[in-house]
Amino acid sequence: MPANDEVDRIVDAWLRERPDLDFAPLQVFSRVARLSKHLDRARRTAFSRSELDSWEFDVLSALRRAGAPFELSPKLLLQQTLVSSGTMTNRIDRLVERGLVTRRTDPNDGRGIFVGMTAGGLTRVDAAITRLVDAEAALLASLPAADQERLAALLRRLSLDFD
């Protein structure tokens, strides 16, 4: 068994002070919160090295995952990025200003539009996802592949209750 971590020390202190409580949830979620801070740092670094903010990566990666020609309607972008309509409009405007996406009218419905990624957007999002995957792999390097798969399965099962 590995050495104790800071969460073990915190939980042990709470158990001394409040033996009437079950601290099992703290054992899990305190570690998730601490790991989240490391992940946030790795993501910020990966995105900034590609000259992107995290919200820009979210929009560009949704377009990238759509496949060529890397276009989606604003409605589909909303569904994939979980932001409000007003927020998405603002984000698209800012990405257009940066030359990372374009807007074009839907040829089948003159009222609709498509948001498409430019070559510059494609270059940046591909660089960012490569850096992100490398950084995330480094965070998991101490776990064998089988443990990583088991952890992913457990986290998936837990997150299904929230999706």
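Just so you know, these numbers come straight off a predicted model, no measurement behind them. (Residues numbered from 1 in each chain as written. Predicted model: local features only at pLDDT ≥ 70, side-chain atom pairs only at ≥ 80, totals over all residues. Heavy atoms only, no water.)

A closer look at the packing of helix H2 (residues 24–49) against helix H6 (residues 119–140)
Heads up, the rule is: Axis definition: a line fitted to C-alpha atoms, limited for helices to the stretch in contact. Angles are taken between N-to-C directions and run from 0 to 180 degrees. Per the convention used, a helix needs a DSSP run of H or I reaching at least four residues, while a strand needs a run of E reaching at least two, with both numbered from the N terminus. These descriptions rest on fixed angle ranges, namely under 35 degrees for roughly parallel, over 145 for roughly antiparallel, 65 to 115 for roughly perpendicular, and the rest for oblique. Helix crossings get a hand from a simple test, with the near helix turned counterclockwise from the far one by less than a right angle marking a left-handed crossing and a clockwise turn marking a right-handed one. Here, two residues are considered to be in contact whenever any of their heavy atoms come within 4.5 Å of each other. Note on residue categories: nonpolar means Ala, Val, Leu, Ile, Met, Phe, Trp, Tyr, Cys or Pro, charged means Asp, Glu, Lys or Arg, and polar means any other residue, Gly included.
Running from N to C, H2 and H6 point in directions that differ by 155°, and their axes come no closer than 8 Å. In this view, H2 runs roughly antiparallel relative to H6, as classed from their interaxial angle. Considering how the two elements wind past one another, H2 and H6 form a crossing that is right-handed. Contact residues: H2 offers His38, Leu39, Ala42, Arg43, Ala46, Phe47 and Arg49, while H6 offers Ala128, Arg131, Leu132, Ala135, Glu136 and Leu139. In terms of residue class, the contact of H2 with H6 is built from eight nonpolar, one polar and four charged.

Some remarks on the pattern of salt bridges
Keep this limit in mind: Here a salt bridge means any side-chain nitrogen of Lys or Arg lying within 4 Å of a carboxyl oxygen belonging to Asp or Glu. Remark: exposure states derive from per-residue accessible area (1.4 Å probe, protein chains only) relative to the maximum for the residue type, with buried under 20%, exposed over 50%, and partly exposed in between.
Across all of its chains, the model carries eleven salt bridges by this definition. Across the salt bridge formed by Glu6 and Arg9, the nearest N and O atoms sit 3.1 Å from each other. Linking Glu6 with Arg9, this pair stays in helix H1 (residues 6–17), spanning three residues, or about one helical turn. Taking the relative accessible area as the measure of exposure, Glu6 reaches 36% and is therefore partly exposed. We classify Arg9 as partly exposed; its relative accessible area is 45%.

Side note on the environment of Arg94
Along the chain, Arg94 turns up in helix H5 (residues 85–97). Since its relative accessible area comes to 41%, Arg94 is described here as partly exposed. Separated by 13 residues in the primary sequence, Arg94 and Pro107 have C-alpha atoms spaced 24 Å apart.

Distances and angles like these do not, on their own, reveal function.
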